[in-house]
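Each chain, letter by letter, is given below.
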Amino acid sequence: MSHISVQASPLPVAPEADPYPSRVANKPQITARQDPVVYGKAIEGPLDEQALAQYEENGFLQFDALLQLDELESVIQELDRLRQDEALKATPQCVIEPESRETRSIFAVHEISAIMRGLCAHPKLAAIAQQLLGSEVYVHQSRINFKQGFHGEPFYWHSDFETWHVEDGMPSMRAVSCSIALTANLPYNGPLMLIPGSHRHFVSCVGETPEDHYKQSLRRQELGVPDEDSLTQLVRNGGVVSPTGPVGSVTFFECNTMHGSNSNITPYPRSNFFVVYNSIENPLVDPFCGLPPRPNHISERQRLIRVKDL
Ligand code: 6CS
Ligand code: FE
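Draft legend 1. Focus on the nonpolar core. In this structure, Leu125, Ile180, Val250, Phe252, Phe273 and Tyr277 are the most contacted members of the largest nonpolar core, which totals 43 residues. Core analysis: the next-biggest nonpolar cluster, separate from the first, contains 12 residues, Tyr138, Phe161, Phe202 and Cys255 among them.

Structure below.
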């Protein structure tokens, strides 16, 4: 007697077991953050009390020239090599812009490039991440967002943590993104926009996560994004800041800081390398949406290599 196996649709994690429920209710909600922002102390790294207080308050720190142009020359050559690698373009690590055949992002760059791996382990970056997260760290995700001239499409407002919690199973807000400018980030070529203070609130989203959502969301995220009323409230409270700077400027932003960026209709690419440091004490668990985990090149769950061992 043949039987039809009914694939029961996976259930999201029970509400009482999920501190940050999202995409389970039919209306959005803003709740308070339940995790510390700064886990380390001023004596434990390069950031002084004032810098730590600024990060606690705003949810990001901007460094205009943390890295020097001469130490990034090989990285910029690598950026051009990777962008022009047609074979790489055909791999799942490469995300193509929704409207053109241009490369939008390349993920897990630290796994295919020794030069980019070395940048993830840069002592200045690692020391700041370890201090902010109060522990050793590993790379949860690395990517180049090319935001090419004329063809760089927007990244709509979102909290990275909302996606990493729901779709990757990141338990707590104990991760930080580090965005390194590899071309000039100008006021008009689609620089990062951040909402100061937004990291202290969790904005739940409406709409069930579809299977393989990343195949759409990494091109144009339309689900797992905050509603306009919640965004209006966050902006009313904190405004919008758009850090710009030359090659080598670096922005550290907390995993739950609301951010986005506009399209780039100028001739000047806004190509940044993003490395996401997660605390070694915050390893991924099963995704809270109940679906299978996203591929390892988007969120590391197999080999948690401390950055000092990269
Ligand atoms: O889903 C993610 O992991 C990616 N999506 C966005 C819009 N930002 C973080 C990350 O690159
Ligand atoms: Fe993001």
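Draft legend 2. View of the sheet that holds strand E6 (residues 155–158). If you walk across this open sheet you meet the 3 strands as E6-E11-E8, and the pairing is antiparallel. Either end of the sheet is taken by a strand with one partner, and the two such strands are E6 and strand E8 (192–194). Recorded for the sheet is a direction-independent mean angle of 20° between the axes of neighbouring strands. The pairing of E8 with strand E11 (residues 259–261) spans 3 bridges and is antiparallel. Among the inter-strand pairings, Met193 is bridged to a residue of E11, identified as Gly260.

Draft legend 3. Examining the pairing of strand E12 (residues 272–279) more closely. Burial within E12 is extensive, with 8 of its 8 residues counted as buried. Because side chains alternate across E12, one face comprises the buried residues Asn272, Phe274, Val276 and Asn278, and the other comprises Phe273, Val275, Tyr277 and Ser279, equally buried. Judged from the 8 bridges that link them, strand E5 (residues 137–145) and E12 form a sheet pairing that is antiparallel. Bridging across to E12, Gln141 finds its partner in Val276. Bridging between strand E7 (residues 175–181) and E12 involves 7 bridges; their strand directions are antiparallel. Counted as the bridge partner of Ile180 is Phe273 from E12.

Draft legend 4. How the structure looks around the pairing of strand E4 (residues 103–107). The element E4 is extensively covered by neighbouring structure, given that 5 of its 5 residues are classed as buried. Where strand E3 (residues 94–96) lies against E4, 3 bridges are found, and the strand directions are antiparallel. Following the sheet pairing, Cys94 is matched in E4 by Ile106. Where E3 folds back onto E4 in an antiparallel hairpin, the turn is made up of 6 residues. Pairing geometry for E4 and E5, over 3 bridges, is antiparallel. Pairing of Phe107 across the sheet is with Arg143, part of E5.

Draft legend 5. Fine view of the environment of Arg301. Mapped onto the elements, Arg301 comes out in the segment after E12. With 133 residues separating them along the chain, Arg301 and Asp168 place their C-alpha atoms 8.8 Å apart. Other than its neighbours up to four places away in sequence, Arg301 contacts Asp168, Leu284, Val285, Pro287, Pro293 and Asn296. A distance of 3.4 Å separates a polar atom in the side chain of Arg301 from the backbone oxygen of Val285.

Draft legend 6. Molecular detail of the side chain of Asp168. Structurally, Asp168 is set in helix H7 (residues 160–168). Residues contacting Asp168, with those up to four places away along its chain left out, are His140, Thr163, Leu284, Val285, Pro287, Arg294, Ser299 and Arg301.

Draft legend 7. Region of interest: the coordination of the iron ion (ligand 2). Protein-derived coordination of the iron ion (ligand 2) comes from His158 (NE2), Asp160 (OD) and His259 (NE2), at a distance range of 2.1 to 2.3 Å. Classification of the site at the iron ion (ligand 2) as irregular follows from its 4 donor atoms and the range of 81 to 175° in their angles at the metal. For His158, a relative accessible area of 8% puts it in the buried group.

Calculation criteria
- Residues numbered from 1 in each chain as written.
- Chains lettered and ligands numbered in written order.
- Predicted model: local features only at pLDDT ≥ 70, side-chain atom pairs only at ≥ 80, totals over all residues.
- Heavy atoms only, no water.
- Core = buried A, V, L, I, M, F, W, Y, C linked by side-chain atoms within 4.5 Å.
- Buried < 20%, exposed > 50% of the residue type's maximum accessible area, 1.4 Å probe, protein only.
- Pairing = 2+ DSSP bridges.
- Helix = DSSP H or I, 4+ residues; strand = E, 2+ residues; numbered from the N terminus.
- Axes fitted to C-alpha atoms, helices over the stretch in contact; angles between N-to-C directions.
- Contact = heavy atoms within 4.5 Å.
- Polar contact = N/O pair within 3.5 Å; in protein donor to acceptor, adjacent residues only side chain to side chain.
- Donors = N, O, S within 2.8 Å, 3.2 Å for Na, K, Ca; no water.
- Tetrahedral: all angles 85-135°; square planar, octahedral: opposite > 155°, others 65-115°.

Note that all results are geometric; they support no functional claim without further evidence.
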